Amino acid sequence: YEYGSSPTQAILLALFVGITLLTVAILQLGLLANFISHSIIFAFIQASSLTIPIGQIKKITGQPGIPSETFEAVYKIFTSLELINWTDFVMGTTSLIALYLLKVLKDKCNNFSSSNGSSNYLKMTGWFVGSIRNAIIVAATSLIAFIWKMDSFQPIDSPNFQNLTITGEIPAGLPKIGAPSFSETYYDTAGQKITLGFSALFTGISTGIIICALMSYLESYAIARSFARNEKYLLDGEQEMYAIGASCFATSFAQGFPVTGSFS
């Protein structure tokens, strides 16, 4: 990996983001969030509804070299259409269609009673299948990917239908519970052993601490603010800071990265 993008630095980032947010909450500075206008919150949510799907398009098209920046990604996607991996595209779009159809099935089978009857059993089955649609799609696509990779299985002989892009090797077992490491040793692409101390690791994440802390809080606060506005209840900004700060701090002891409330 490149300097500044190691897992050790991501874990340390979670630790310091948690400490930063907890410190701000303890100092009772959560009231500053009240100065964030509804227009800013609304714009942030709407922008996220665009940037998040755009960031996932490259996963569906399988195009290599797509940057993470939104505008650059859109430009690169449309200027390199010839690099689309149609195997990934078919798999992705089929999965999206299947998710939608299973959601429709769940919605249609919501109204069932506890009384006996074949129609009620069918509705209960449809509701259950629709409710676990994500797990079904993950299991089905994992099985397809396994069969595809087995013995170099290639059902379609076409240059546009390449092998499926898969995640790769994932370490087995649960993450170790313990304090984050404040140093790191690894080998670069040339095979040279490199050791980074705390100062070097901290330099790589220094600006990210403030940015991630601000974005984590703003994202979670935007979601909570929307719920509070719709349901007509008061929101405690400091409570949000305590929650996110504690989550980030705790996850760093389980080899995790900074977390926040999910827009999904």
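Residues numbered from 1 in each chain as written. Predicted model: local features only at pLDDT ≥ 70, side-chain atom pairs only at ≥ 80, totals over all residues. Heavy atoms only, no water.

(A) Quick peek at helix α6 (residues 133-149). Its 17 residues give α6 an end-to-end C-alpha distance of 24 Å, which sits within 8% of 24 Å, the value for a rise of 1.5 Å per residue. Of all the positions in α6, only Arg-133, Ile-137, Ala-145 and Trp-148 are classed as buried. For α6, the angular spread of the buried residues around the axis is 95 degrees, confining them to a single face. Of the exposed residues in α6, those oriented more than 90 degrees away from the buried face are Val-138, Leu-143 and Phe-146. (Helix = DSSP H or I, 4+ residues; strand = E, 2+ residues; numbered from the N terminus. Expected span 1.5 Å × (residues − 1). Buried < 20%, exposed > 50% of the residue type's maximum accessible area, 1.4 Å probe, protein only. Arc of directions from axis to C-beta.)

(B) Broad picture of the pattern of salt bridges. Counted under the stated rule, the structure contains one salt bridge. Lys-103 is the partner of Asp-107 in a salt bridge, and the nearest nitrogen-oxygen pair spans 3.1 Å. With Asp-107 and Lys-103 both in helix α4 (residues 86-108), this residue pair falls four residues apart, about one helical turn. Assessed through its relative accessible area of 40%, Asp-107 is described here as partly exposed. Judged by its relative accessible area of 37%, Lys-103 falls in the partly exposed class. (Salt bridge = Lys/Arg side-chain N within 4 Å of Asp/Glu carboxyl O.)

(C) Seen up close, the nonpolar core. With 23 residues, the main nonpolar core has Leu-12, Val-17, Leu-21, Ile-41, Ile-205 and Tyr-217 as its most contacted residues. Where this core is concerned, the elements lending two or more residues are α1 (7-26), α2 (38-61), α7 (198-231) and α8 (237-251). If one sorts the elements of this core by residue count, α7 sits on top with eight residues. (Core = buried A, V, L, I, M, F, W, Y, C linked by side-chain atoms within 4.5 Å.)

(D) Quick peek at the packing of aromatic side chains. All chains considered together, the criterion is met by seven aromatic pairs. Taken together, a centroid distance of 6.2 Å and an interplanar angle of 45 degrees make the contact between Phe-16 and Phe-198 tilted. One end of the pair, Phe-16, is in helix α1; the other, Phe-198, is in helix α7, and 182 residues separate them in sequence. A relative accessible area of 36% places Phe-198 in the partly exposed class. Plain terms: the ring middles of Trp-86 and Phe-89 are 5.2 Å apart, the flat faces sit at 80 degrees to each other, and that makes the pair edge-to-face. (Phe/Tyr/Trp six-rings, centres within 6.5 Å; stacked < 30°, edge-to-face > 60°.)

(E) Expanded view of a nonpolar patch on the surface. A cluster of nonpolar side chains, namely Leu-27, Leu-29, Leu-31, Leu-32 and Phe-35, defines an oily patch on the protein surface of about 530 Å² accessible area. Take Leu-27: it is sitting in the loop between α1 and α2. (Patch = residues over 30% accessible without salt bridge, like charges linked within 9 Å, V, L, I, M, F, W, Y side chains within 5 Å. Areas by Shrake-Rupley, 256 points an atom, 1.4 Å probe, with all protein chains shown as cover.)

(F) Highlighting unusual backbone geometry. Here the phi dihedral of Lys-232 falls at roughly 60 degrees; this positive angle occurs in a residue that is not glycine. Within the fold, Lys-232 resides in the loop between α7 and α8. Despite not being glycine, Gln-255 shows a phi value in the positive range, around 60 degrees. Its place among the elements puts Gln-255 in the segment after α8. Since its relative accessible area comes to 45%, Gln-255 is described here as partly exposed.

Purely geometric stuff here, so don't read any function into it on its own.
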